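Remarks on the overall topology
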Amino acid sequence: METIGEDLRQMIRTPLASSHVEALRAAGKVVTYPKGTVMAQPGEKANRFVYVEEGEIEVVNPFTGERHYSSTIGPTQFMGEISLLYGGTASLPLRTVVDTRVIEVPRETFLTLMSQIPEMSDIIITVFAARRRRQLDERRSGLYLIGEEVDRNVRRIAEFASRNRLPYASVPLHSPEAEASAKSCSIDARTPAVIFGSKVPITDATPDKIARLLGLNIDFSGDEHFDVLIVGGGPAGVAAAVYAGAEGLRALVVEDIALGGQAGTSSRIENYMGFPTGISGADLLWRGEVQAMKFGARFAMPRRVTALEVQDDGAFCAMFENGQRVRVGSVVVASGVQYRRLPLERLADFEGSGVYYSATDMEARYCKDTEAVIIGGGNSAGQAAMFLCRYARCVRVLVRGASLAASMSSYLTSRLEADRGITIEYNCEVTALEGGEHLESITIRDAKTGQSRKVATRALFIMVGAAPNTEWLSGLVKLDDKGFVITGVGSPASPFATSYPGIFAVGDVRAGSVKRVASAVGEGSVVISKVWEHINQKSS
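Observations concerning the sheet that holds strand β24 (residues 452-456)
Strand order in the open sheet made by the three strands is β22-β23-β24, with antiparallel pairing throughout. Two strands bound the open sheet, and with one partner strand each, they are β22 (428-435) and β24. When strand polarity is set aside, the average angle formed by the axes of neighbouring strands in this sheet is 25°. Note that strand β23 (residues 439-446) and β24 share five bridges and pair antiparallel. Counterpart to S441 in the pairing with β24 is A456.

With respect to the nonpolar core
With 111 residues, the main nonpolar core has L24 and L388 as its most contacted residues. The next biggest cluster of nonpolar side chains, apart from the first, holds 24 residues, and it includes L252, F320, V326 and I503.

Considering the environment of F461
Within the secondary structure, F461 sits in strand β25 (residues 459-462). Of the residues examined, F461 reaches a relative accessible area of 0% and is grouped as buried. Separated by 102 residues in the primary sequence, F461 and A359 place their C-alpha atoms 7.5 Å from one another.

Observations concerning the packing of helix α1 (residues 18-27) against helix α3 (residues 107-116)
Here α1 crosses α3 at 145°, and the two axes come no closer than 10 Å. Of the two possible hands of crossing, α1 and α3 adopt the one that is right-handed. Counting all contacts with α1, which are made through A23, L24 and A27, the residues of α3 involved are T109, F110 and L113. Looking at the contact of α1 with α3 residue by residue, the classes come out as five nonpolar, one polar and no charged.

As for empty space enclosed by the protein
Following the criterion strictly, the structure yields four cavities of 30 Å³ or more and no others. Reported here for the largest cavity is a volume of approximately 170 Å³. Lining the largest cavity are 16 residues, with A40, A46, R48, M79 and A90 positioned closest to its centre. Take the lining of the largest cavity: its biggest share by element is three residues, from strand β3 (residues 48-54). Split into classes, the residues belonging to the lining of the largest cavity amount to nine nonpolar, three polar and four charged. By volume, the second largest cavity is sized at about 70 Å³.

Things to note about the state of the cysteines
Inspection of the entire model under this criterion finds zero disulfides. Free cysteine: C367, not disulfide-bonded; nearest cysteine sulfur from C394 at 11 Å. According to the relative accessible area criterion, C367 is buried, its value standing at 0%. Free of any disulfide, C394 has its nearest neighbouring cysteine sulfur in C389, separated by 10 Å.

Overview of the pairing of strand β19 (residues 371-375)
Of all five residues that make up β19, five are buried, and the element is covered over most of its length. Side chains of β19 alternate between two faces, with E371, V373 and I375 and A372 and I374 buried alike. Bridging between β19 and strand β20 (residues 394-399) involves five bridges; their strand directions are parallel. When the bridges of β20 are listed, I374 appears paired with V397. This β-α-β element, β19 to helix α12 (residues 379-388) to β20, shows right-handed connectivity.

Some words on the side chain of E58
Mapped onto the fold, E58 is located in strand β4 (residues 57-59). A polar atom in the side chain of E58 sits 2.7 Å from the side chain of R67. Discounting residues that sit within four places of it in the chain, E58 has contacts with R67, T72, P93, L94, R95 and V97.

A closer look at α1
By the burial criterion, the buried members of α1 are H20, V21, A23 and L24. For α1, the angular spread of the buried residues around the axis is 160°, confining them to a single face. Turned more than 90 degrees away from the buried face of α1, the exposed residues are S18 and A26. Packed against the buried residues of α1 are β3, β6 (100-106), α3 and α4 (118-138).

What counts as what
- Residues numbered from 1 in each chain as written.
- Predicted model: local features only at pLDDT ≥ 70, side-chain atom pairs only at ≥ 80, totals over all residues.
- Heavy atoms only, no water.
- Pairing = 2+ DSSP bridges.
- Helix = DSSP H or I, 4+ residues; strand = E, 2+ residues; numbered from the N terminus.
- Axes fitted to C-alpha atoms, helices over the stretch in contact; angles between N-to-C directions.
- Core = buried A, V, L, I, M, F, W, Y, C linked by side-chain atoms within 4.5 Å.
- Buried < 20%, exposed > 50% of the residue type's maximum accessible area, 1.4 Å probe, protein only.
- Left-handed = near helix turned anticlockwise from the far one by under 90°.
- Contact = heavy atoms within 4.5 Å.
- Nonpolar A, V, L, I, M, F, W, Y, C, P; charged D, E, K, R; others polar.
- 1 Å grid on protein atoms, 1.4 Å probe; cavity = no way out; pocket = protein on both sides within 12 Å on 5 of 7 lines; lining within 4 Å.
- Points joined across faces, edges and corners; volume = space filled by probe spheres on them.
- Disulfide = S-S within 2.5 Å.
- Right-handed = clockwise from strand over helix to strand, strands pointing away.
- Polar contact = N/O pair within 3.5 Å; in protein donor to acceptor, adjacent residues only side chain to side chain.
- Arc of directions from axis to C-beta.

Right, here's the structure in full:
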């Protein structure tokens, strides 16, 4: 299956051409650093591109100060990671092994060079992506989680990092690694913790705090103006960002949880063209994000739009949950849908502690030695079943209707029916959840017979229903009776135009849309031509 990048240990290295190096030299400056110089620290702004002409740089373990990888960065290689594209921060320390001469190019200048020299851009982004993949595979990072398996708040950080493809290390509470790291930070080794880089624990860690440390959550001054605000980082929103950036529009994407939307919760997408062996939703959207950032699009997360106002000049003012705001010339509503929360007692008690809404590598770890139960009959539920059966003792799929024919692709239905580790039960619903601090069992009711039975499980996945995320639109556009945005009724004429000029809707949030990744990507790509037309009409 495809991932976010190549395997750094196996890929054939392509050095920068001499013309690329000369372009870097002309745009930057040559600096020599003595042996032992710290070139980057976790949390330090990624503000420059560093090309090594002579010498050697090593990645350092943030806790021990020792070399982290056996390989180092030598002449004709370069420092950096994908965070350089969005002005994020370094995730691991780097240090010179010997006196080292480098070419340094300021970030903004470097991004301009990337746009002007696509061949150089391709080489650098390929290496950056491979480095991120290696960090994810080996779980090496300055972000260190202790006790993810027992603490819900630490699991929230793990989920945020995992879904956004942010590298982190996780160790069990009371393990030797946890004891050693707790000692280095002078904290209680018996308490779950989140540590970042400098051996300082983060108190009351939240996704927002982590995003700020990593440079993901942008602060806005209030007078910043963007050509287009894209609300939602699913397939439609990220595709819109790619095309907006490519067309030279100043684009801002805001996402309140993680890139990918519902597609991001899918462990494997097999019916998206160009990926015959499949790709996870999170990996697909991460690739799209990198592509959009290469063209200059900006991303802010976790960030939620709470209201949208129209100003006297026809522009829009978007307000965020933290009180900040930005001015935008147009809006693309790509906020998608979310799985419905079932009306079950104690549901909130078990969310994140046995009840999940996505099936990724992180949730799969909690399925070991238990029966995983999935509620839902769509493709996401089917892919989750195929994925989780590799980890769980067995998988039970509960379908409210009498068939999967209308809701799941036939190739997926056939696989589920052929897999001995998967059981499909029709005309069923969950009526009760039980457990202490963690889910322990559920009650299943057969709608035909009315009989109920209890099933022991520590992992229930809810993948049913689709509630649109449209409350923030402040009544500006017409919605249907289910809350989906009605399109094809506004100006300029477009299937994606809403009832208010300058506001467009694409993807799952649009009434009548086809709920498929390919459709969402297509809509996000096409809508930008009308956004461009709207912006030009206002400026003329």
